[in-house]
Amino acid sequence: MSFWNQSLEIARVDLRVERRLGDTLRIVLPFAVVALMVFPLSLGIELATISRIGPAVFWALGILFGMQVALRLSAADTQERRDLHALLGVDPAARFVGRVLSGGVLMLAFLVVLFIAMVLIYGPTLPSGSWSTVLLGTVLFSIGLTELGTLAGEITAGLRNRTALASLIVAPLALPLVIGASQSLEALSRGAGILPWVLLMLATDLALAVIGVGMARPLEEATR
Amino acid sequence: MTRIRVLFGVAAAAMAVGLWFALTAPPDALQGEYSRIINVHVPSLWLAFLAFGVTALGSIMWLWKKKQRWDRLASASAEVGVLFTGIGLFTGMVWGQAVWGRAWDWGDPRLTSTAVMFFVYLGYIALRNAVDDPVVKARRSAILGVVAVVQVPLVYFSVNLFRTLHQTQSIRPDGSTMPAEMLVAMLVNVAAFTILYVALMAARTDIARIEEANRETELLAGDAVKPPKLSEVGDV
């Protein structure tokens, strides 16, 4: 089986497991929407402020709950499953790519629904071209955050305080993604170009992909 | 131990010379005496960058050679780097309060990215504390050491990449923007802090070596007091 076929098969199985369990869309997403509602409740009837902070709250919740989505997938990846993959001769790099693919799809679905909820709840004034910019930013953000989540999930696999530790690793390292995603929308509002911010996210994604693929074998050994 | 004492002695002497240069250099026309903070702030952050670079190098070498000394180097450098990042952040905040009128500006990429770098390496230390097995600890932290260093260039070049309140680098390929006396004082302090870094690294790696030796002894003691199997006890 080729590298890409292995990756796609891993992604397909991950998504099938997620479809059966439904943790992301049935638990994490509703929780994130509730968190989205907490901010307007705490601000009171400050409609102008609520409208203005909407996109920022979206990206803040995107990273916090996105980490849960990214780490949840690695939590489902048990030692037995890893051993089975190793016995079957699955390339560790293909495992990493497959996990990023499935996680990226889930993350994208999660963020798109969260963004729609944010628009409905906060009613932000979005400049023209916002939807395509947000979609591009969300895709690049999803890929990067999933890559980080996969790496952190592997590094902290089987440790006590795993969830807190992995979050501590992912959150600061995800900052270039948050800056790129939030500033691209901000730049659009100012009438400035979004290219530098898109390039920042793209460079982060590529750097993480290179590290993830390059470190796949040591990562596999690290979990033993 | 004598080697470390000598290193700390040299570092103390170098720091005293650095202090003398810092206090005798002329103050900035606009910032006044607050400009002297640069003699601690810049060397601290220079060492933080150096320390995290050494952590990445140690991590790569451990993954390649699997020698414990590279893990000791990487972890010691990360700890010292976190210390110097903390000093750099604190001195920057003191200077910012005096000159900018506020200690922290969330809109400034250099400040926020430096704080992020601080937390990334706190995560590195937390990861090491969460693992007991030395080989697993070394392997996992080596991977994180390589991942974490990716953001270090972003921190350094953030003043060039983004619109920022923080000034750009004072020393550039085409020369310095600082008066000669202030530049000399800062460079003397950079050298003094670098010697201090070497001394701290030597001490920390020695402590790590002693900790490893103690751990091996503990394991031997644990084996010695293991209760015998019932089949070996006989009819007591």
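Residues numbered from 1 in each chain as written. Chains lettered and ligands numbered in written order. Predicted model: local features only at pLDDT ≥ 70, side-chain atom pairs only at ≥ 80, totals over all residues.

K.L.:
Is there a simple way to think about the overall build of chain B in this case?
P.N.:
Along its length, chain B carries eight helices and two strands. Along chain B, helices (α) and strands (β) appear in the sequence α-α-α-α-α-α-β-β-α-α when read from the amino end. Taken over 236 residues, chain B has a buried fraction of 35%. By sequence separation, contacts in chain B at least 24 residues apart represent 77% of the contacts at least 6 residues apart. (Helix = DSSP H or I, 4+ residues; strand = E, 2+ residues; numbered from the N terminus. Buried ≥ 20, exposed ≤ 12 C-beta atoms within 10 Å, placed from the backbone. Contact = placed C-beta atoms within 7 Å.)

K.L.:
I'm lost on the nonpolar core in this one. Help?
P.N.:
Among soluble globular proteins, nonpolar side chains are generally buried collectively. Core analysis: the largest hydrophobic core is formed by 110 residues, its most contacted members being Leu114, Leu148, Ile169 and Ala174 of chain A together with Ala51 of chain B. The leading source of residues in this core is helix α5 (residues 92–122) of chain A, at 13 residues. Once residues lying within four places of it in the same chain are set aside, the contact partners of Ile169 of chain A are Ala152 and Ile155 of chain A together with Gly123, Leu127 and Leu144 of chain B. (Core = buried A, V, L, I, M, F, W, Y, C linked by C-beta atoms within 7 Å.)

K.L.:
Whenever I open this one, unusual backbone geometry confuses me. Can you help?
P.N.:
Residues other than glycine predominantly adopt negative phi, and peptide bonds predominantly adopt the trans conformation. All names here are of chain B. With phi around 60°, Lys66 is a residue other than glycine that occupies positive phi space. Checked against the element boundaries, Lys66 lands in the loop between α2 (38–65) and α3 (68–99). By the C-beta count within 10 Å, which is 13 here, Lys66 ends up partly exposed.

K.L.:
How should I be thinking about the interface of chain B and chain A in this particular structure?
P.N.:
Interface size, as often reported, equals the accessible area lost upon joining of the parts. In this assembly, 20 residues from chain B lie in contact with 20 residues from chain A. The set of elements that each furnish at least two residues to the side of chain B that touches chain A consists of α4 (109–130), α5 (134–148) and α6 (151–161) of chain B. Here the side of chain B that touches chain A takes eight residues from α4 of chain B, the largest share from any one element. In the side of chain B that touches chain A, the residues fall into 15 nonpolar, three polar and two charged. (Nonpolar A, V, L, I, M, F, W, Y, C, P; charged D, E, K, R; others polar.)

K.L.:
Honestly, the packing of helix α8 (residues 175–190) of chain A against helix α9 (residues 195–214) of chain A in this entry has me stumped. Any pointers?
P.N.:
When two helices pack together, their arrangement is given by the angle between their axes and by how far apart the axes lie. Residues and elements named next belong to chain A. The contact between α8 and α9 brings their axes to 8 Å, and the two run at 160°. Relative to α9, α8 is oriented roughly antiparallel. Between α8 and α9 the crossing geometry is left-handed. Between α8, through Pro176, Leu177, Ile179, Gly180, Ala181, Gln183, Ser184 and Ala187, and α9, the contact on the second element is made entirely by Trp197, Val198, Leu200, Met201 and Thr204. Taken together, the residues of the contact of α8 with α9 break down into nine nonpolar, four polar and no charged. (Axes fitted to C-alpha atoms, helices over the stretch in contact; angles between N-to-C directions. Parallel < 35°, antiparallel > 145°, perpendicular 65-115°, else oblique. Left-handed = near helix turned anticlockwise from the far one by under 90°.)

K.L.:
Would you take a moment to explain the environment of Phe84 of chain B for this structure?
P.N.:
As for its placement among the helices and strands, Phe84 of chain B is situated in helix α3. Look past the residues within four positions of Phe84 of chain B in its chain and what remains in contact with it is Ser44, Leu47, Ala48 and Ala51 of chain B.

K.L.:
Where do I start with the environment of Gly81 of chain B in this structure?
P.N.:
Residues and elements named next belong to chain B. By the secondary structure assignment, Gly81 is in helix α3. Here Gly81 falls in the buried class, since 26 other C-beta atoms lie within 10 Å of it. Expressed as a C-alpha distance, the spacing of Gly81 and Leu47, which sit 34 residues apart in the sequence, is 6.8 Å. Excluding its chain neighbours within four sequence positions, the residues that come into contact with Gly81 are Ala48, Ala51, Phe52, Thr55 and Tyr121.

K.L.:
Sorry, what's going on with the environment of Arg204 of chain B here?
P.N.:
Residues and elements named next belong to chain B. Tracing the backbone shows Arg204 in helix α7 (residues 180–224). C-alpha of Arg204 to C-alpha of Ser77: the two residues are 127 residues apart in sequence and 8.6 Å apart in space. Not counting the four nearest positions on each side in its chain, Arg204 is found in contact with Ala76, Glu79 and Val80.

K.L.:
Would you mind going over the packing of α3 of chain B against α5 of chain B with me for this structure?
P.N.:
Residues and elements named next belong to chain B. Between α3 and α5, the least distance of the axes is 10 Å, while the angle of their chain directions is 50°. Taken together, the axis directions place α3 and α5 in an arrangement best described as oblique. Crossing of α3 against α5: the hand is left-handed. On α5, the residues that touch Gln68, Asp71, Ala74 and Ser75 of α3 are Ala138, Ser141, Ala142 and Gly145. Looking at the contact of α3 with α5 residue by residue, the classes come out as three nonpolar, four polar and one charged.

K.L.:
Can you help me understand α8 of chain A in this one?
P.N.:
Residue pairs three or four apart in sequence face the same way in an α-helix, which turns once every 3.6 residues. Residues and elements named next belong to chain A. When the terminal C-alpha atoms of α8 are compared, their 22 Å separation across 16 residues agrees well with the 22 Å that a helix rising 1.5 Å per residue should span. Within α8, 12 of the 16 residues are buried, which leaves the element mostly enclosed by the surrounding structure. Every buried residue belonging to α8 is among Leu175, Pro176, Leu177, Val178, Ile179, Gly180, Ala181, Ser182, Gln183, Ser184, Leu185 and Leu188, and all of these are buried. Positive backbone phi, at 85°, marks Gly191, one or two positions downstream of α8. (Expected span 1.5 Å × (residues − 1).)

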